[in-house]
Amino acid sequence: MTHFVRLALCLLCLNLGLALANPVLAAPPAPNPQSIYFQPTGHSLSGKFLNYWQNHGGLAIYGYPITTEFYEGGYLVQYFERNRFELHPENTGSPYEILLGLLGTERLQTEHRLPVFPATPAVPALSPDNVTFTQTGYSLGGPFRQYWQSHGGLPQFGYPITAEQTENGLVVQFFERARFELHPENRGSEYLVLLGLFGYDRANLLDPTLRDRWAENPPPVNLRLEGASQPLTPLTALTVTSDTSGELRVLGGDNRLVSVYPVNSNQPLSLLAAGTPGLQSLLLYRDGQVIAARWQVFTLTAPLTGIISGDPVWDGLYPRVKKFLEQDAVTYDSPIDRQPVLGYRSPDTPFIWLRDHVYQSKGFKYFEPRMKATLDYFRQSQHPNGSFDDYFEYFTGYDVYRGQIEVEADREFLFVQGVWTAWQATGDDEWLKANLSAMERGLQYTFTDPQRWSTELGLVKRAFTIDTWDFEQGSDQGTIRRNFDLHTRWSIMHGDNTGAYQSARLLARIERYLGRLAEANQWDQRAEALRDNLNRTSWNGQFYTHQVHLTPVDPTGVDEKTQLSLSNAYALNRGTLSQAMATSLLRTYQNRRTQNMGKIFAEWYSIDPPFPTGFGPPGEYVNGGVMPLVGGELARGAFEYGFEDYGLDILRRYWQLLDRAGGSYLWYHPNGTPGIGTSATLPTDGWGSAAMLNALTEGLAGVVDQGKLYQTVNLSPRWAATDRTQSQVNLGYAASGVYFSYRWQHQPGQPLQLSWAGSQTKTVLLHLLLPSDLSNPTTLLLNGTSIPFEIVKIGLAVYLNSTLPGNGNVAIK
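Residues numbered from 1 in each chain as written. Predicted model: local features only at pLDDT ≥ 70, side-chain atom pairs only at ≥ 80, totals over all residues. Heavy atoms only, no water.

## Side note on the overall build of the protein
Step number 1: Looking only at helices and strands, the protein has 20 helices and 45 strands in total.
Step number 2: Considering only contacts in the protein between residues 6 or more positions apart, those separated by 24 or more positions represent 61%.
Step number 3: Of the roughly 32,600 Å² that the protein leaves accessible, carbon and sulfur atoms contribute 52%. (Helix = DSSP H or I, 4+ residues; strand = E, 2+ residues; numbered from the N terminus. Contact = heavy atoms within 4.5 Å. Areas by Shrake-Rupley, 256 points an atom, 1.4 Å probe, with all protein chains shown as cover.)

## Notes on the sheet that holds strand β41 (residues 780-782)
Strand pairing in a sheet relies on backbone hydrogen bonds, with the paired strands running either antiparallel or parallel.
Step number 1: Taken in spatial order, the seven strands make up an open sheet running β20-β37-β38-β39-β45-β41-β42, and their pairing is antiparallel. The sheet is open, and its two borders are formed by β20 (306-308) and β42 (785-786), each paired with just one other strand.
Step number 2: The pairing of strand β39 (residues 752-758) with strand β45 (residues 808-812) spans five bridges and is antiparallel. Its bridge partner lying in β45, Leu-754 is registered against Val-810. (Pairing = 2+ DSSP bridges.)

## A look at the pairing of strand β22 (residues 340-344)
For a regular strand, side chains alternate in direction, first toward one face of the sheet and then toward the other.
Step number 1: Across the five residues that make up β22, a large majority, four, are buried.
Step number 2: As defined by bridge partners, strand β21 (residues 329-333) adjoins β22 across five bridges and the pair is classed as antiparallel. The partner of Thr-331 across the bridge, within β22, is Leu-342. (Buried < 20%, exposed > 50% of the residue type's maximum accessible area, 1.4 Å probe, protein only.)

## Let's talk about empty space enclosed by the protein
Step number 1: Taken as a whole and judged by the stated rule, the model has six cavities of 30 Å³ or more.
Step number 2: In this model, the largest cavity occupies a volume close to 70 Å³.
Step number 3: Leu-235, Ser-259, Tyr-261, Leu-272, Ala-274, Trp-756, Ala-757, Asn-783, Asn-807, Gly-808 and Asn-809 together form the lining of the largest cavity. (1 Å grid on protein atoms, 1.4 Å probe; cavity = no way out; pocket = protein on both sides within 12 Å on 5 of 7 lines; lining within 4 Å. Points joined across faces, edges and corners; volume = space filled by probe spheres on them.)

## Quick notes on the environment of Ser-578
Step number 1: Locating Ser-578 in the fold gives a position in the loop between α16 (567-571) and α17 (579-595).
Step number 2: For Ser-578 and Tyr-641, which are 63 residues apart along the polypeptide, the C-alpha to C-alpha distance reads 9.6 Å.

## Quick notes on the sheet that holds strand β18 (residues 278-286)
Step number 1: In spatial order, the strands read β16-β15-β18-β19; together these four strands make up an open sheet with antiparallel pairing. Edge positions in the open sheet fall to β16 (257-263) and β19 (289-300), since each of these has one partner strand only. Pairwise comparison of adjacent strand axes, ignoring direction, gives a mean angle of 20° for this sheet.
Step number 2: For β18 and β19, the ladder comprises eight bridges, and the chain directions are antiparallel. (Axes fitted to C-alpha atoms, helices over the stretch in contact; angles between N-to-C directions.)

## Considerations on the pairing of strand β15 (residues 246-251)
Step number 1: Examined bridge by bridge, β15 and β16 share six bridges and lie antiparallel to one another. Note on β16: the bridge partner recorded for Leu-248 is Tyr-261.
Step number 2: Sheet analysis places β15 next to β18, joined by five bridges and oriented antiparallel. For Leu-251, the partnering residue across the bridge sits in β18 and is Ser-281.

## A short note on α17
Owing to its 3.6 residues per turn, the α-helix brings residues three or four apart onto one side.
Step number 1: Over its 17 residues, α17 runs 24 Å from end to end, which matches the ideal 24 Å to within 8%, given 1.5 Å per residue.
Step number 2: Taken together, the buried positions of α17 are Met-581, Ala-582, Thr-583, Ser-584, Leu-585, Leu-586, Thr-588, Tyr-589 and Arg-592.
Step number 3: Elements that come into contact with the buried residues of α17 comprise α15 (517-538), β33 (564-565), α16, β34 (607-608), α18 (628-640) and α19 (644-661). (Expected span 1.5 Å × (residues − 1).)

## Observations regarding the packing of aromatic side chains
Step number 1: According to the stated counting rule, one finds 44 aromatic pairs in the structure shown.
Step number 2: Here the aromatic rings of Phe-484 and Trp-490 are separated by 4.6 Å at their centres, their planes lie at 45°, and the arrangement is tilted. Accessibility classification places Phe-484 together with Trp-490 in one group, the buried group.
Step number 3: Aromatic pair Phe-611 and Phe-615: ring centres 4.8 Å apart, planes at 40°, arrangement tilted.
Step number 4: Looking at Phe-615, the relative accessible area reads 5%, which means it is buried.
Step number 5: Pairwise contacts between aromatic rings join Tyr-359, Trp-469, Tyr-570, Tyr-621, Trp-667 and Trp-687 into one cluster.
Step number 6: The ring of Tyr-285 is capped by Arg-249, whose NZ or CZ atom sits 3.9 Å from the centre of that ring.
Step number 7: One residue, Arg-526, lies across the ring of Trp-523, its end atom 4.7 Å from the ring centre. (Phe/Tyr/Trp six-rings, centres within 6.5 Å; stacked < 30°, edge-to-face > 60°. Lys NZ or Arg CZ within 6 Å of the ring centre and 35° of its normal.)

## So, the environment of Gln-750
Step number 1: Topologically, Gln-750 is positioned in the loop between β38 (739-745) and β39.
Step number 2: Classification of Gln-750 as partly exposed rests on a relative accessible area of 46%.
Step number 3: Separated by 62 residues in sequence, Gln-750 and Ile-812 have C-alpha atoms that sit 9.0 Å apart.

As C-alpha cells, this is what we get:
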C-alpha cells in the first residue's frame, strides 16, 4: 500500500471519530519529554500509558487518545479511538499493569446480544485453518487468526466471543477487547484487518457532561513541584502548588497510592516524600476525575538504616553491632544439596547453631539479604519425630558434622521464631507455607513427646541444666551429660516454657494469616493453657524459679529459691508476664545491682547466685558470668514496661563496655574482663550485641513490625526519655528492600511533631511516650485534621495511643 493510501485510511478513521466526539482543539501545551501532544484530537499521552501505547502497536492498533486520564470503575483510564487503557496497580511489576478495556464484551452487553457460549464450537466459514478456544467455544482462523497472533494475541485482544459474521457489509468477529473487521479492498496490504472504533463508541455512552468537558479542552492545570531536583530520601520536604483546587494523590515507585492531600488554589502544599523507592507521580483529582498529572516527577531512594539523633551512643550502636555480626557470618555447602548456606556462628565455634542463628537474626535482618538458607537446612534435616538438630558444620571432602543435644528443649520453638523473623524481612509467603508443616511438627513434638512434655503439669520439661544451656551436671561422680540416661534429673525450666508460649502464639498468627482458623485457635488455646500452668508452677512472687524439680537432686550448695537465671530477662519479651509481674522482675534485677555494687559491674547474670560446684567455676560462663544477651533483653523489656530510664542506662553501660573491652564477648567476669575460652574466641558476640541492638531499634526507637515488610507497625518512640530534641530513625530489610522511617521533634513548651513513611506500610499503631510538658495533651492533628486518641499510663510513664495511616505527619498539643 502506498503512503497516500495509508494516510487516507488513517484520516478516514479519524474523521469518523471526530464526528462522534467533536472536540474543540486547543493549543498544544509546552513540550514535555515524558508526554506527547496529539494535535488531531487535542489530547496528550504520558507516563505509563505512553510507554504502553508506544510498545504495543501505537497509532495503528489504538488510534489517537480522545480523552484525558480520569478515574472510572476504580481505575485510572484513558480512552483511545479503538480501546481504553486501564492502570491496574495490583499488577505492578507484571506485564498486566496496563490492561485494555473489555470493550468487545461491553459492546455486546450494551446491545443485549452477548450470546451464551455454545456447547459445540462454531467454525468460521472463511477460516478452514482455525483453532478452537475451549474457554469460550469459538474458533479463530484465516486472516483474523494471523492478525491476532501477530499483533499481541490474548493479552491484547482476549478470546473470541462470537463467530465470524457479517455486519454492515463487512465480515467481523468480536473479541473480549476488540472487533476485527475484514477489508477485502486492502488485500495484499497490512490493512486487510482493521479494528473497530470501540473507544469512541464506548466513550460516547458515558456521562454526556463528562464527555462535553473533554471536548472543551480547558487550559492545562498548572501543577508545580519544588524541591525534587535530585534523588530524595523518605521524609524529605517537598512543596506542591496548583492553580486549581482539588485532591492530590501521590503514587509511589510501585504505582500504588502513598498519600492524599487537599490542595487549595495557588496555596503551597507541604508534603513529605514517602512510598516505595523509584519514580514517584502526582495526580490531581476533582470530582473523582484526574485533571492534572505529573508522571515520574521525582525519584525516591531507600534510606540508609540507622539512627540520627546527635548522641554518639544511639547513632553509633547500629554500625558498631553490624561490624560484629558481619564477622559472625559463615557459609558452608549444605550437606543435603551442596548449596551455599549462610548462617551466624557463635564467638567460640565456627559451627552454625540454630539458637545462635535465630537470636542473631534480630540484628542481621537489617542488612543481610540471605535470610532463609540456614532455616531451609534445618527444615530439610528435621527428624521424623519433629525435632531438629542443634548445629551443623560441613568440612569439604568429609561428611557433615551435625548433632542433637538431648537435654536441650528450645530448638523447636526457636525454629518458629527464626522462620517468623525471616518471613518478616523477605515477605515470602510461599516460603512461609513451605515451612508450615515443619513448624507444626516441631511444636507438636514439644507439646507431646514424653521426653519433652510433662503431662501432669502441662509444661515443657528438661534435664537439670543452668537455664537454657546444653549440659546437665551429673549426680554420678560429677559427670557432665548432654544426653538422657537413667540418671537424668527432670525439671521444669521456665525459659523453655516462655519460649514455647511465644512460638505457639506466633504459629497461631501464621496459621490465621494463611487462612487456617481452626489450627490458629488450637495453638492459641495451647499457649494460654501453658502460660497459666507456668505462672502457677514457676512464678515465686518476684521472678520465675530457675528449676522446679520433678526428680530429687543432690544438695547443690546454694539456695535455689534465690537463683535468678537468664531466661527471666527473656520472659519480659515473650508475653507471659502481666504488668505487675514484669515490674517485680525488673525491680529484682535493679535490686541485685544495688546489692552487689562494687562486686560486679553489671547485673546481667547468667545465674545469680551461682552454683559453687558442678557447673563450672562460680562467676564464669553460664554459672554466674555476666552476659550482654541478658542485658539486651532486660533493656528491651524495660522500655516496654515503663522503665525507660533503666533501658537507657543499660544501653549506655553496654557502649562503655565495648569501649573498655575492645569488642563484645559472650560473657564477662564480674570485674568486667572478657571471658575468653581460647585464642580462637572472637570479640564479636552476635547473640548479645543483637539483643542490645534490638533494645535500641524496637525499645528506644520503638519500631516493631507486627507482620511482614512493615505493613503494620507498632510505633513507640521513646525519645522523650532522653535529652534529644529531634531524631530520625530509618530501618530497612535488606532481603526485600522495604523500609520504615520516622522523624521525631520536640522542643520544651512546643507541640511534638512526628512524621513517618514506609515503603509498604498501611497502618501505624502509635504508642508514643509523652514528654513531661505534654503529659495531658488536648489535640492530635494528622495532616492538619484532628483525630481521636487515648492516654494510658505504664508505671510512671504516660503514652498516647492512636491508629494512623501508613504515611503521615502529626502534631500533638
